[in-house]
Amino acid sequence: MVDNFDAILIFNHMVEHDSHTLDTIFHALGDATRRAMLGDLATGERTVGELAQPFAMSLAAASKHIKVLEGAGLIRRDVRGRTHICSLEPAPLMSADQWLGVYRRFWTDRLDTLEQLLRADNAAPPPKPPLPGKEGE
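Residues numbered from 1 in each chain as written. Predicted model: local features only at pLDDT ≥ 70, side-chain atom pairs only at ≥ 80, totals over all residues. Heavy atoms only, no water.

Enquirer: Before we go on, may I ask you to explain the overall build of the protein chain in this structure?
Expert: Along its length, the protein chain carries six helices and three strands. Along the protein chain, helices and strands appear, N-terminal first, in the series α-α-α-β-α-α-β-β-α. Within the protein chain, the proportion of its 137 residues that are buried is 23%. The contacts of the protein chain with a sequence gap of at least 6 include a subset with a gap of at least 24, amounting to 55%. (Helix = DSSP H or I, 4+ residues; strand = E, 2+ residues; numbered from the N terminus. Buried < 20%, exposed > 50% of the residue type's maximum accessible area, 1.4 Å probe, protein only. Contact = heavy atoms within 4.5 Å.)

Here's what the structure looks like:
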């Protein structure tokens, strides 16, 4: 039987060959500005200017964030005339989610076990109080 910890070790070994991709994805997701940009793109395409606008940043600064997201494969940038249009590429997020899923299962199992223990403890009859006059004998 394989326990959760063994499953994590096996899964980590299986994705070792793809660790650079995961490192790049998690690096890109490690910045709040880039996460917010991805959130905007989840609702539809945006220009670089539209992605920059909520942060009051220059187009050059926004472009640096976009290049990191592109490098991780999280977004695609298309040039239409002089306008750069960005769109979400969700497939790399699935890889990250699969990797995190092992840990999600690990903690879900642990919390399920804790819940069972607490329910069993609550179902147990309360201890009987000591009889009067019998304390300390």
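Enquirer: Would you take a moment to explain the side chain of S63 for this structure?
Expert: Inspection of the secondary structure puts S63 in helix α5 (residues 59-71). A residue is classified by how much of its surface remains accessible, and S63, at 15% relative accessible area, is buried. Residues in contact with S63, not counting those within four places in the same chain, are V48 and R77.

Enquirer: What am I meant to see in a nonpolar patch on the surface here?
Expert: Taken together, the side chains of L111, L114 and L118 make up a nonpolar region of the molecular surface, amounting to roughly 290 Å² of accessible area. Note on placement: L114 falls in helix α6 (residues 91-123). (Patch = residues over 30% accessible without salt bridge, like charges linked within 9 Å, V, L, I, M, F, W, Y side chains within 5 Å. Areas by Shrake-Rupley, 256 points an atom, 1.4 Å probe, with all protein chains shown as cover. Salt bridge = Lys/Arg side-chain N within 4 Å of Asp/Glu carboxyl O.)

Enquirer: Would you explain the packing of aromatic side chains in this entry?
Expert: One pair of aromatic rings is described through two measures. These are the centre distance and the angle between the planes. All told, the structure shown has two aromatic pairs when counted by the stated rule. Members of the aromatic cluster, joined through ring pairs, are F26, W99 and Y103. (Phe/Tyr/Trp six-rings, centres within 6.5 Å; stacked < 30°, edge-to-face > 60°.)

Enquirer: Explain the packing of helix α2 (residues 19-29) against α6 to me, please; I cannot follow it from the model alone.
Expert: Helix-helix packing: each pair is described by the crossing angle between the helix axes and the interaxial distance. Direction vectors running N to C along α2 and α6 enclose 100°, while the axes themselves pass 10 Å from each other. For the element pair α2 / α6, the angle class is roughly perpendicular. Residues L22, I25, F26 and L29 of α2 form the contact with α6, whose participating residues are P92, L93, S95, A96, W99 and L100. The class makeup of the residues in the contact of α2 with α6 is nine nonpolar, one polar and no charged. (Axes fitted to C-alpha atoms, helices over the stretch in contact; angles between N-to-C directions. Parallel < 35°, antiparallel > 145°, perpendicular 65-115°, else oblique. Nonpolar A, V, L, I, M, F, W, Y, C, P; charged D, E, K, R; others polar.)

Enquirer: Looking at this structure, I do not really get the side chain of R77. What am I missing?
Expert: Structurally, R77 is set in strand β2 (residues 75-80). Residue classification places R77 among the buried positions, given a relative accessible area of 19%. There is a polar contact of 2.9 Å between the side chain of R77 and the side chain of E70. Not counting residues within four places of it along the chain, the set of residues in contact with R77 comprises V48, S63, I66, K67, E70, H84, I85 and C86. (Polar contact = N/O pair within 3.5 Å; in protein donor to acceptor, adjacent residues only side chain to side chain.)

Enquirer: Sorry, what's going on with the pattern of salt bridges here?
Expert: Should their charged atoms come close, side chains of opposite charge can pair. Going through the model one piece at a time under the given rule, you end up with six salt bridges. Note that E70 and R77 form a salt bridge whose closest N and O atoms lie 2.9 Å from each other. A residue is classified by how much of its surface remains accessible, and E70, at 28% relative accessible area, is partly exposed. The salt bridge involving D97 is made with R104; its shortest N-O contact spans 2.8 Å. Owing to a relative accessible area of 41%, D97 belongs among the partly exposed residues under this scheme.

Function-wise, these values are silent; they only describe arrangement.
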